[in-house]
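# Per-entry structural report
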Amino acid sequence: MEVTVRPDSRYGVSKAFGEAIGALYADKHGLRVTCIRIGNVNDKPLDRRRLSIWIKPEDLVKLVRIGLEHPDIRFEIFYGASNNEAAWWDNSDARRFGYLPEGRSEEFRAQAMAEQAKLPADAISDRFQGGPFCSDEYDADRKG
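Since the model is a prediction, treat every value here as computed from it, not as a measurement.

In this section: helix H3 (residues 57–69). Taking 1.5 Å per residue, 13 residues should reach 18 Å; H3 reaches 18 Å between its end C-alpha atoms and fits that length. Of the positions making up H3, those classed as buried are Asp59, Leu60, Leu63, Ile66 and Gly67. The buried residues of H3 occupy one face: seen down the axis, they fall within an arc of 120°. Looking at the buried positions of H3, the neighbouring elements they touch are strand S1 (33–38), strand S2 (40–41), strand S3 (54–55), strand S4 (75–80) and helix H4 (92–96).

This paragraph deals with the packing of aromatic side chains. Note on aromatic pairs: each is described by the distance of the centres and the angle between the planes. Across all of its chains, the model carries four aromatic pairs by this definition. Between the aromatic rings of Phe78 and Phe97, the centroid separation amounts to 5.8 Å while the plane-to-plane angle is 50°, which identifies the pairing as tilted. Taken together, the positions of Phe78 in strand S4 and Phe97 in the loop between H4 and helix H5 (109–116) put the pair 19 residues apart, joining distant regions of the chain. Judged by its relative accessible area of 0%, Phe78 falls in the buried class. With a relative accessible area of 10%, Phe97 lands in the buried category. When the ring of Tyr79 is compared with that of Trp89, the centres are 4.9 Å apart and the planes differ by 15°; the resulting orientation is stacked. One end of the pair, Tyr79, is in strand S4; the other, Trp89, is in the loop between S4 and H4, and 10 residues separate them in sequence. With a relative accessible area of 18%, Trp89 lands in the buried category. Through a chain of ring-to-ring contacts, the aromatic side chains of Tyr79, Trp88 and Trp89 assemble into a single cluster.

Attention now goes to a nonpolar patch on the surface. On the surface, a cluster of nonpolar side chains totalling about 480 Å² of accessible area is made up of Phe17, Ile21, Leu24, Tyr25 and Leu31. Turning to its location among the elements, Phe17 is positioned in helix H1 (residues 10–29). For Phe17, a relative accessible area of 57% puts it in the exposed group.

What counts, and where the lines are drawn
- Residues numbered from 1 in each chain as written.
- Predicted model: local features only at pLDDT ≥ 70, side-chain atom pairs only at ≥ 80, totals over all residues.
- Heavy atoms only, no water.
- Helix = DSSP H or I, 4+ residues; strand = E, 2+ residues; numbered from the N terminus.
- Expected span 1.5 Å × (residues − 1).
- Buried < 20%, exposed > 50% of the residue type's maximum accessible area, 1.4 Å probe, protein only.
- Arc of directions from axis to C-beta.
- Contact = heavy atoms within 4.5 Å.
- Phe/Tyr/Trp six-rings, centres within 6.5 Å; stacked < 30°, edge-to-face > 60°.
- Patch = residues over 30% accessible without salt bridge, like charges linked within 9 Å, V, L, I, M, F, W, Y side chains within 5 Å.
- Areas by Shrake-Rupley, 256 points an atom, 1.4 Å probe, with all protein chains shown as cover.
- Salt bridge = Lys/Arg side-chain N within 4 Å of Asp/Glu carboxyl O.

Shown next, in the form of structure tokens:
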């Protein structure tokens, strides 16, 4: 699966740079590189946004093991997300290498939505995948 790199914050730019360096070293020097675009690692998703990007810690361990141990890895990018009904990302590349996540954010929906109700509205954080990393980069006048 090919996805155009479109960072939504300076933090995202730094991650894209790291992936580009990984590709360079994989292509030029034959290193085996696995990049994991980690959503949010926690025991449970904490709000509405994280229902889409959450990864159970045990599922992250599975992805890391695939990256370290799978003999066919040369350069791959996986999404660090569990089996989330509201997922934003297509993680078919990770599944192709045997990734079978066990975590399901939907099991925590009621709790996450209750916590979401306590958060202040933030149109920028809600719009971009980077959440507060994105809204922190906008001027207060532009947040509406």
